[in-house]
Amino acid sequence: AQTLITYRQRPVIHNSGRILSTGAFAHKDLFLGAEAAATLRNFWFAGEYGVTFADCGTCADNPAFSGGYVEAGVMFGGERVLKKGRFDRPNIHRPVMKGGLGAAALTFRFDSIDLVDSAVDGGALSRAIPGAEWWPAHHFKIAPNGFIASADLGSITAGIDPAYALAIGQGVTEDTVNGGSVRAQFDF
């Protein structure tokens, strides 16, 4: 038997439960998307938009779900590097280990996902994420971020965090999650 596909999403960070879900219903899907990124000295921009066409086999109208993001930033003391279509480690002008201060960046990201179409009401989510980054060296960064996530919870409770399933069962239709996170990242 073929496993059915579920589409779902967390509010922001991966240690929280899923807030949106379509439940398992699709036999196959087709994703069409476009993305772009650019750098200009110490500024950068990136964005993506995509549509997933879900095929449930027996639905009168197969749903299409959409989502995307835009992100922009500026770096002081370095530049983001775009190499072979993806962002690589930044160029840090004066790393801490060579007597400098490293590089700092200010970032802003907005993303959204819409899992509502036809008879499927999996909800919708929009997130605004302002942030900062400090790169003491090319392979290490510390990144504090804030976030505001606003959700239309939809009506489907299969596949989401039990607390959200309970809230939907009690008639809650919307939620806003505000918070922050700090990530330390070392790559090699």
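In this text, all values refer to a predicted model and were calculated from it rather than measured experimentally.

## A look at the pairing of strand β4 (residues 43-55)
Remark: a regular strand shows side chains that alternate across the two faces of the sheet.
(1) Moving on: Sheet analysis places strand β3 (residues 28-40) next to β4, joined by 13 bridges and oriented antiparallel. Paired with A36 across the strands is G47, a residue of β4.
(2) Moving on: Following β3, the chain reverses through 2 residues before pairing antiparallel with β4; R41 in that reversal takes a positive phi of roughly 55°.
(3) Moving on: Judged from the 11 bridges that link them, β4 and strand β5 (residues 64-76) form a sheet pairing that is antiparallel.

## Details of the sheet that holds strand β9 (residues 120-137)
(1) Moving on: Taking strand neighbours across the sheet as the criterion, the 7 strands line up as β3-β4-β5-β8-β9-β10-β11 in an open arrangement whose pairing is antiparallel. Each having just a single partner strand, β3 and β11 (174-186) make up the two edges of the open sheet. When the angles between neighbouring strand axes are averaged without regard to direction, this sheet yields 10°.
(2) Moving on: Note: β5 against strand β8 (residues 103-117), 11 bridges, orientation antiparallel. Opposite Y69, over in β8, you have D111 as the bridge partner.

Reading the values: rules and limits
- All chains use their own residue numbering, which begins from 1 and follows the written sequence.
- In keeping with the predicted nature of the model, local features appear solely for residues at pLDDT of at least 70, side-chain atom pairs appear and are counted solely at 80 or more, and the whole-chain, interface and lining totals rest on all residues.
- Just so you know, side-chain values use all the structure's heavy atoms and leave hydrogens and water out.
- In this description, strands pair whenever DSSP reports at least two bridges between them.
- Helix and strand labels come from DSSP, where a helix needs a run of H or I of at least four residues and a strand needs a run of E of at least two; each type is numbered from the N terminus.
- A fitted line through C-alpha atoms represents every axis, and for helices the fit uses only the stretch in contact; the resulting angles, taken between N-to-C directions, go from 0 to 180 degrees.

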